[in-house]
Amino acid sequence: MINRKIFNDTKTAFKLKSDLELDRAIFLFSMMNKKTLVDAGSWLTKFSLKLHLPVEGLIKKTIFEQFCGGITEEDCKPLTKEMYSKKLHSILDYSVEGKETEEQFDAALEKKMKLIKFAAESDELPFSLFKPTGIGRFAIWEKITERINLSDEEKEEWERVKERVDTLCKCAYDNNVRLYADAEESWMQLAADELMEEMMKKYNKEKILIYNTFQCYRWDRLEYVKNLHERAKEEGFKIGAKIVRGAYMEKENARAKKYNYTTPICENKEATDVNFNSVMSYCLANLNDIHLFIGTHNEVSNYLALQSMEDKGLPLNDDRIWFSQLYGMSDHISYNLAKKGYNSAKLVPFGPVREVVPYLLRRAQENTSVKGQTGRELSLLEEEKKRRKGQPTKHDRGEH
């Protein structure tokens, strides 16, 4: 049996944090524990940036340094090397959002290809990634998803989007780097799912390098994965599955209500947890055909995966299974998994401070909306502070 206290070791979790960094994290998570503060802070940040007030320095020293690795990929190198010294891998995410022009999409393509090649040369970077709407307008993905007829100009635009995706997947294939596509809002996602299935069909014949992301707060994802698996077996390709709970719940429910259709989101957190664990179990039962990337901050889901691996007699570092959490969060999961020998990676966002603010604000908002998440982070950070001061902690007393 896997020890249920595997994630309670705060000494391992926060080994790389200085006392100052620990205090900063405690301050930030105590702020994020209060929804009204997060909402007000988000509004104030956007307002200040709009007016070009000198707030970038403050953002950089607080939320940016907590959740981002740096401004450039080179800035991230010392961090990724340091984490790798603790057997923890990194995935670099150029987290600049909201682009709209063909020039910007072509520039993003170049950036992503550069990052794939950067990963190919670095043992500590096992994956690369891209966001579909980072290389093509949201509206074009949406039209394809909703089966709306395109104008001739839009048809050409969609061909360019498909070409960019294929270029990225070929680059990953040629450089032997795993590449996953992030999942986004449901009303553009079908187009991305279909395109990523095409890419798996093309590039995942001998080995699994191309992954798609499945948001398990969507109640239809287990059926989708099972059907995809059937098609993969029939057509002779394999699946790379990154599973997450999902990041757009409030937006999804609000849109469903506005347009009067059934929400694609599970009815509550319990149903989401059941769905996530069911998708995860299905993938773990079919590892010859499906390689699994488990992207979750949920301790129970991580624990269930470890128990399943043990029950199946799989090696801890089975290359078909990866675990991942976001940089700046859930260090108690990432570092303790890495220390035990599991394949564990941090998603490390980077980019110019001003341009990653939308990403950072979404992160802060998500933390407030996941029940208990921020409180758990805060209690572990405070436990570590006590430990460093020589005071007895829950871990010392053998408590959860």
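Values in this document were obtained by computation on a predicted structure and should not be read as measured data. (Residues numbered from 1 in each chain as written. Predicted model: local features only at pLDDT ≥ 70, side-chain atom pairs only at ≥ 80, totals over all residues. Heavy atoms only, no water.)

## Re the pairing of strand β4 (residues 210–215)
Here β4 lies mainly inside the structure; six of its six residues are buried. What joins strand β3 (residues 178–181) to β4 is helix α9 (residues 186–203), and the crossover it makes is right-handed. Here β4 pairs with strand β5 (residues 239–244) via five bridges, running parallel. Bridge pairing links T213 to K242 in β5. In terms of handedness, the path from β4 via helix α10 (residues 221–235) over to β5 forms a crossover that is right-handed. (Buried < 20%, exposed > 50% of the residue type's maximum accessible area, 1.4 Å probe, protein only. Helix = DSSP H or I, 4+ residues; strand = E, 2+ residues; numbered from the N terminus. Right-handed = clockwise from strand over helix to strand, strands pointing away. Pairing = 2+ DSSP bridges.)

## With respect to the side chain of R164
Counting through the fold element by element, R164 comes out in helix α8 (residues 152–174). Residue R164 is classed as buried on the basis of its relative accessible area, which comes to 4%. Here the side chain of R164 touches D106 through a polar contact of 3.0 Å, side chain to side chain. Once you skip the residues sitting within four places of it in the chain, R164 turns out to touch E102, F105, D106, L109, I135 and G136. (Polar contact = N/O pair within 3.5 Å; in protein donor to acceptor, adjacent residues only side chain to side chain. Contact = heavy atoms within 4.5 Å.)

## Some details on the nonpolar core
With 76 residues, the main nonpolar core has W141, W158, V165, I210 and F323 as its most contacted residues. Per-element tally for this core: the top contributor is α9, with eight residues. Residue contacts for W141: discarding those within four places in its chain leaves P132, T133, G136, W158, V161, V165, M188, A191, A192 and L195. (Core = buried A, V, L, I, M, F, W, Y, C linked by side-chain atoms within 4.5 Å.)

## Some details on the sheet that holds strand β2 (residues 127–130)
To summarise the sheet geometry, strands pair through backbone hydrogen bonds and adopt either a parallel or an antiparallel arrangement. One open sheet accounts for eight strands, arranged β1-β8-β7-β6-β5-β4-β3-β2; its pairing is parallel. The sheet is open, and its two borders are formed by β1 (89–94) and β2, each paired with just one other strand. On average, each strand axis in the sheet is tilted by 30° relative to the strand beside it, whichever way the strands run. The sheet strands contacting helix α13 (residues 299–311) are β6 (290–295) and β7 (321–326), and the helix crosses β7 at an angle near 165°. (Axes fitted to C-alpha atoms, helices over the stretch in contact; angles between N-to-C directions.)

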